[in-house]
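# Examination of the molecular architecture
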Amino acid sequence: MNMTVGEMLKMMRDPLGAPFYPPALQVLLIVTWVLHIFFVTLALGSSLYAIWGFVRPNENRLRLARIAARLTPNAVGLGIVTGIAPLLFVQTIYDPIWYASNTLTGFWSISFIFVVMGGYSLAYLFYLKGSPDGKLLWSAVASFILIFFAGWIMHVLAAVSIRPERWIEWYAPNGIVDTRGIIFHAWNIPRLVFLLPLQAGLSLAVALTLLAWYFRHNTDDAPFMQWVAGVGRQLGLVISPLYALTGLLWAATEGVEFGIGWQTGTVLGAVGIALTVYFLILRRPMYDAPRTLLIWIGTLLIVGMVREAIRAVSLARFGYSVASYPYIFDWGSILVFAGTTVVGVAVLAYLVMVIYQSGGAKRDASISPRVDRLGAIATGMLGAWFGFFLLVGLYTTLFLK
Amino acid sequence: MYPIWEGLFIHSAMYVAVVSAFHVLASHLTVAAAWFNLYLERRAVYENRPELYEYLRRSALGLLVFAYVFGAMAGVGIWQTTTAANPRGISTLIHNFVLYWGSEWYMFLIDVVGIIAYYYSFGRVDPKTHLRLAWILALGGTGTLAIIVGILSFKLTPGLWLDTGASLNGFFNPTFWPQIFMRFALMFPITAAWALLIVTGMPKDYPERESIIRNAAALGLGGLCVALAIFIFWYYPVMPEHAKIILRTRAIPPITYTVIFAGIIATFAGLLFAFLSPRRQRRLLAIGAMFVLFAAIFGAERTREVLRKPDIIAGYMSSNQLVFNDLPARNIVREEQRLNETGMLGSLPFLPRPEQVILPANSGLPNQTIAIGRTLVVQQCASCHNVSQQTAITAFNQRLALRSLADLLYLRRATTADLIKSRIRAIGGFQYMHPVIGTEEELNAMAQYLEYFVQQVHPSQTQTVSQK
């Protein structure tokens, strides 16, 4: 154990290296995290609104609470599915820190999924059996607590991972190993508040404006949808300054700890202020919802980069960098991934368009000829993917020696 | 290389097993159910049988909530549990196959977004569009299967990867083809049980009830027979000799085979009964069938995991998370040889040097050597064995622990440090065990800890732990 932290991190890297240029995987990590955090925070936000709507009901609030109750389990499901991609990439280029934090916090790492399952089940219970009549409110509250707790676990795993200089002291105090993995070793409250509750409010705010926009042509519902969009704007307006303030606190604590306090403070503060100004000047929240979504996704991308910067500088202290991570160009991997990406994007685009075009109608929604054509092509591509897969497999089995 | 998480109350490997078995049940269900639903929906469209939509709608809701979402969560659960239990094993897979997993993720997204589109668009889009969604679900699900089988089968049969280091060789390995077809066939009995579960929950006078039960049962019986035939005539013959030997050793407890065979027989009998007497089917029977399948899958998946013992990646990495063979194609040099010379302590990041071990009064351990021995035993043995009281529970006066070293040594009358040391020195001679790594002093320390552990669990032993 006389080895330095830098030597330790280097030794812990997988000897196989990455199968592709690591900075490209780092970009994929950030981009897919944005997608993931959007759905996770949306789940938290909608869960909280569903509770609020039933606790302090009026006609509009109750109606929106029921919509939120329906949204929550779906957002949890999408949050889980979209979480797989960043999980893949973080393991590839940050394997030493991800695996160390997961083993040091082993019990909570494996509890995570049971906590999420519990949160999801209770959210579904409330949506199906509780939300029509306002019963089973406890299940909504318990669901929110569990989903938030799952977020806390992930937060701790991230916090532990960027402090490798303390791992030995946590794992083997006085040289005696602790293999229980039950202690929450590290956290940063401003970071947690910034990333979860505040972003939950903002994701919900954006989603509300989008909901109103989606039903903008439904004249019967116009007053309600105007109200929903207004709630979204108000929510954004109230939370954005807090977002700026908490961002500054995050910078003043974790940012300063790793020597990039003023840089992170400037970026996070500026993002929060810009959002505040945006919501302030947003006069038509319903009609400008797509732009609001774009701005929010852009914001999340910036936050993702700040997270990445903190991770990078924390590890740079010990000479670890993604840019110097060993790699090869594994052509088999690249071929399969590239082929599947083309097919996957086409099919997903079609599915999203079907949901979009059919969602507004009670029945007999019309799918446009263009989307229908896309569907025929995408389904054909998906079928052809199996031919591609088979060919690659046969080539490998018969010729690649 | 990494800190060890032993587990808490339950051994870490058992967390992996339970989550994996559930994931297999759910994920296999999504694939075959998608094909079965496609078959029914085609009949609904082309034979003008709109009553079938009621079944499809209920099945889809169940699949959306149970199979897709819980299946997805259990999938993430496998990541979390395997990461905590054996990080270097999963690391090898990820560094070989991250982009294959990325490809599977697309298929998985198609599945999840697809089932949302499929369920919420019932009656909202025209039948042809809805049928196309059914096609996408069936194909997307099969895509996830195709990709994950390559990664799973790699662990037992890395094949030419050990020579070329190329991911394609590892992916399309010797057991890939039989396993993909075997799993595909095996999914249909699960789907049949699911169809029974859904349709028995529908009104008794539902006109398509008997037809769906018969169709599902026939498909399930066919799938079961095909899967067994593939196992016997294709999969088993290409299994490595080592794995065939393991199948006949005590590494796999007899109860596992009992569960698997009983599960197969019960499934066959249940499906035959459903086929012959569709009117007599009850929901309770269907729920029972799902539990039987879960138990059988649990046994089968556990067996599949044990088959490659003592390796985590056959021929490359052993269960102690160390690389034991060179891989020249990727410039990888075995790690174990060096550690036998330098010793484990201080040579790996989370193994403190002896002089760094300062025993506090409340440690619960009698002396420093035993504390050091515990660290080494945990490092080398905890992946497969219960090595401390931390991962044992007592129920009805019965101590439940996974392959407890205390019990195994006690049974073999190796209860003193000397006997234990000669035992562990020779342990590599067993087909399902890997040689212990380390210097002579380290073996001594391990033996002393194990003596202490045996006496903790079996205090009737007269020996006392010497304060060496």
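Everything numeric here is computed off the predicted structure, so don't read it as measured data.

Attention now goes to the overall build of chain B. Each helix and strand counted, chain B has 16 helices and six strands in total. For 468 residues, the compact-globule estimate of 2.2 N^0.38 gives 23 Å, and the C-alpha radius of gyration of chain B, at 25 Å, lies within 12% of that figure. For chain B, the proportion of its 468 residues judged to be buried stands at 56%.

What follows deals with the overall build of chain A. Secondary structure summary: chain A contains 13 helices and zero strands in total. Start at the N end of chain A and walk to the C end: the helices and strands fall as α-α-α-α-α-α-α-α-α-α-α-α-α. Its C-alpha radius of gyration of 23 Å places chain A within 12% of the 21 Å reference for a compact globule of 401 residues. For chain A, the spread of C-alpha atoms along the three principal axes comes to 70 × 55 × 40 Å. Evaluated residue by residue, chain A yields a buried proportion of 51% over its 401 residues. Across chain A, the fraction of contacts at a sequence separation of at least 24, relative to all contacts at a separation of at least 6, is 79%.

A separate point is the domain arrangement of chain A. As assigned here, chain A comprises domain 1 (1-174 + 183-187), domain 2 (189-322) and domain 3 (331-401). Here domain 2 of chain A and domain 3 of chain A have C-alpha centroids that lie 33 Å from each other.

What follows concerns helix α13 (residues 369-398) of chain A. End to end, α13 of chain A covers 43 Å across 30 residues, agreeing with the expected 44 Å (1.5 Å per residue, within 8%). Where α13 of chain A is concerned, the buried positions are Asp372, Gly375, Ala378, Leu382, Trp385, Phe389 and Thr396 of chain A. Residues of α13 of chain A that are buried sit in contact with α12 (331-359) of chain A together with α4 (127-156) and α6 (167-171) of chain B.

This part takes up the interface of chain A and chain B. Contact residues are listed per partner, giving 82 residues for chain A and 81 residues for chain B. Residue assignment for the side of chain A that touches chain B shows that the elements contributing at least two residues are α1 (5-12), α3 (59-93), α4 (95-104), α5 (106-130), α12 and α13 of chain A. The leading source of residues in the side of chain A that touches chain B is α12 of chain A, at 15 residues. Residues that form the side of chain A that touches chain B fall into these classes: 48 nonpolar, 27 polar and seven charged.

To continue, consider the domain arrangement of chain B. Residue and element names in this part refer to chain B. Domain boundaries in chain B define domain 1 (7-318) and domain 2 (344-457). Centre-to-centre separation of domain 1 and domain 2, based on C-alpha positions: 38 Å. In this assembly, 16 residues from domain 1 lie in contact with eleven residues from domain 2. Of all the secondary-structure elements, those providing two or more residues to the side of domain 1 that touches domain 2 are β1 (7-8), β2 (10-11), α1 (12-46) and α9 (241-247). By residue number, the principal contributor to the side of domain 1 that touches domain 2 is α9, which donates three residues. Of the residues contributing to the side of domain 1 that touches domain 2, the split by class is nine nonpolar, six polar and one charged.

Residue and element names in this part refer to chain B. For the bond running from Lys309 to Pro310, omega is 5 degrees, close enough to zero to count as cis. By the element assignment, Pro310 lies in the loop between α11 (283-306) and β3 (311-313). Within the chain, Phe9 stands out as a residue other than glycine whose phi angle is a positive 70 degrees. Judged by local crowding, Phe9 falls into the exposed class, with 11 C-beta atoms found within 10 Å. A positive phi angle is found at Gln321, which is not glycine, with a value near 70 degrees.

The next thing to look at is α5 of chain A. End to end, α5 of chain A covers 35 Å across 25 residues, agreeing with the expected 36 Å (1.5 Å per residue, within 8%). Most of α5 of chain A is tucked away, with 19 of its 25 residues classed as buried.

Further remarks concern the nonpolar core. Residue and element names in this part refer to chain B. In terms of nonpolar packing, the biggest core is built from 293 residues, with Met73, Leu196 and Leu450 touching the most fellow members. Looking at this core, the element that brings in the most residues is helix α3 (residues 87-120), giving 20 residues. The residues touching Leu196, leaving out its near neighbours within four places in the chain, are Ile213, Ala216, Ala274, Gln281, Ala286 and Ala289.

Residues and elements named next belong to chain B. As for its position among the elements, Ala392 is in the loop between α13 (368-381) and β5 (393-395). For Ala392, a count of 20 C-beta atoms within 10 Å puts it in the buried group. Note: C-alpha distance between Ala392 and Leu408 (16 residues apart in sequence) is 14 Å. Beyond its immediate sequence surroundings of up to four residues, Ala392 is in contact with Asn386, Arg399, Leu400, Ala401 and Ser404.

Residues and elements named next belong to chain B. Tracing the chain through its elements places Leu197 in helix α7 (residues 176-199). Looking at Leu197, the number of C-beta atoms within 10 Å reads 20, which means it is buried. Counting along the chain gives 124 residues from Leu197 to Met73, while the straight-line C-alpha distance between them is 22 Å. Setting aside anything within four residues of it in sequence, one finds Leu197 in contact with Arg283, Ala286, Ile287 and Met290.

A few words now on the confidence of the model for chain B. Residue and element names in this part refer to chain B. Across chain B, pLDDT averages 91, with 98% of residues at or above 70. This stretch, residues 464-468, has a pLDDT under 50; its non-local contacts, to residues over four places away or in other chains, come to nine contacts. The complex prediction reports pTM at 0.93, with the ipTM value standing at 0.93.

On to the packing of helix α8 (residues 189-214) of chain A against helix α11 (residues 289-316) of chain A, then. In a pair of packed helices, the angle between the axes and the distance between the axes together describe the arrangement. Residue and element names in this part refer to chain A. It is the contact of α8 with α11, at a shortest axis distance of 8 Å, that shows an interaxial angle of 155 degrees. For the element pair α8 / α11, the angle class is roughly antiparallel. Taken as a pair, α8 and α11 cross one another with a handedness that is left-handed. Contacts between α8 and α11 involve Leu202, Val206, Thr209, Leu210, Ala212 and Trp213 on the former and, on the latter, Ala289, Pro290, Thr292, Leu293 and Trp296. The class makeup of the residues in the contact of α8 with α11 is nine nonpolar, two polar and no charged.

All names here are of chain B. For Arg334, the location among the structural elements is in the loop between β4 (317-318) and α12 (336-342). Taking C-alpha positions, Arg334 is 5.2 Å from Val323, a pair spaced eleven residues apart along the chain. Among all residues touching Arg334, those that are not within four sequence positions of it are Val323, Phe324, Asn325 and Asp326.

What counts, and at which threshold
Residues numbered from 1 in each chain as written. Chains lettered and ligands numbered in written order. Predicted model: local features only at pLDDT ≥ 70, side-chain atom pairs only at ≥ 80, totals over all residues. Helix = DSSP H or I, 4+ residues; strand = E, 2+ residues; numbered from the N terminus. Rg over C-alpha atoms; globule rule 2.2 N^0.38 Å. Buried ≥ 20, exposed ≤ 12 C-beta atoms within 10 Å, placed from the backbone. Contact = placed C-beta atoms within 7 Å. Domains from an automatic or database assignment. Expected span 1.5 Å × (residues − 1). Nonpolar A, V, L, I, M, F, W, Y, C, P; charged D, E, K, R; others polar. Core = buried A, V, L, I, M, F, W, Y, C linked by C-beta atoms within 7 Å. pLDDT = per-residue confidence, 0-100. Axes fitted to C-alpha atoms, helices over the stretch in contact; angles between N-to-C directions. Parallel < 35°, antiparallel > 145°, perpendicular 65-115°, else oblique. Left-handed = near helix turned anticlockwise from the far one by under 90°.

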